[in-house]
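Architecture and fold: a report
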Amino acid sequence: MSSLHLNAELLRNMSIIAEDDNLLRRATRYLRKLVAEKQGDPTLLTEEEFLARIDKAEKEIADGKGITFTNLKDMNVWLNSL
C-alpha cells in the first residue's frame, strides 16, 4: 500500500474516531507512544520494564543501598550534582 493510500485510510479512520471522546483519547495515547518510539525516547518503558525497575529499587532499599537526606538543602545539592 502506498503512502498516499495509508494517509487516506488514516484520515478516514480518524474521522470516525473523532466522534468518540474515549476512542480519541486512546488513539492519542497510542500515537504518542509511536512518536516516542520513532524519536527513541529513553523514558518510554513497557509495563514490565517499569515494574522491574520498581522491584530493583525496592531491593536496593532493603539492602541498605538507598540514599537518604536529613534536610532539603542536602537533597538539592545531590540533585544538582546529577
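Before going into details, it helps to say that this report is about the structure given with it. (Residues numbered from 1 in each chain as written. Predicted model: local features only at pLDDT ≥ 70, side-chain atom pairs only at ≥ 80, totals over all residues. Heavy atoms only, no water.)

Considering the overall build of the chain
- A count of helices and strands for the chain gives four helices and zero strands.
- Going residue by residue from the N terminus, the α and β elements of the chain occur as α-α-α-α.
- Computed over its C-alpha atoms, the radius of gyration of the chain comes to 21 Å, more than 25% above the 12 Å expected for a compact globule of 82 residues.
- Principal-axis analysis of the C-alpha atoms places the extent of the chain at approximately 60 × 25 × 25 Å.
- Considering the chain as a whole, with its 82 residues, one finds that 2% of them fall into the buried category. (Helix = DSSP H or I, 4+ residues; strand = E, 2+ residues; numbered from the N terminus. Rg over C-alpha atoms; globule rule 2.2 N^0.38 Å. Buried < 20%, exposed > 50% of the residue type's maximum accessible area, 1.4 Å probe, protein only.)

What to know about a nonpolar patch on the surface
- On the surface, a cluster of nonpolar side chains totalling about 490 Å² of accessible area is made up of I67, F69, W78, L79 and L82.
- Among the secondary structure elements, L79 is positioned in helix α4 (residues 72-81).
- A residue is classified by how much of its surface remains accessible, and L79, at 40% relative accessible area, is partly exposed. (Patch = residues over 30% accessible without salt bridge, like charges linked within 9 Å, V, L, I, M, F, W, Y side chains within 5 Å. Areas by Shrake-Rupley, 256 points an atom, 1.4 Å probe, with all protein chains shown as cover. Salt bridge = Lys/Arg side-chain N within 4 Å of Asp/Glu carboxyl O.)

As for the packing of aromatic side chains
- All told, the structure shown has one aromatic pair when counted by the stated rule.
- Geometrically, the ring pair formed by F69 and W78 is tilted, given 5.7 Å between the ring centres and 50° between the ring planes.
- On the basis of relative accessible area, F69 is assigned to the partly exposed category, the value being 32%.
- Judged by relative accessible area, which is 33%, W78 ranks as partly exposed. (Phe/Tyr/Trp six-rings, centres within 6.5 Å; stacked < 30°, edge-to-face > 60°.)

Topic: the pattern of salt bridges
- For the structure shown, the criterion picks out one salt bridge.
- Among the salt bridges present, the one from K59 reaches D63, with a minimum N-O distance of 2.9 Å.
- Accessibility expressed as a relative area gives 54% for K59, which makes it exposed.

Here's the deal with α4
- Sparse coverage of α4 is indicated by the burial of zero of its 10 residues.
- Two or three places before K73, at the start of α4, stands the capping residue N71, its side-chain oxygen 3.1 Å from that residue's backbone nitrogen. (Polar contact = N/O pair within 3.5 Å; in protein donor to acceptor, adjacent residues only side chain to side chain.)

Side note on the environment of I61
- For I61, the position within the fold is in helix α3 (residues 47-62).
- Given the relative accessible area of 59%, I61 is considered exposed.
- In this structure, the C-alpha to C-alpha distance between I61 and R12, residues 49 residues apart in sequence, is 51 Å.

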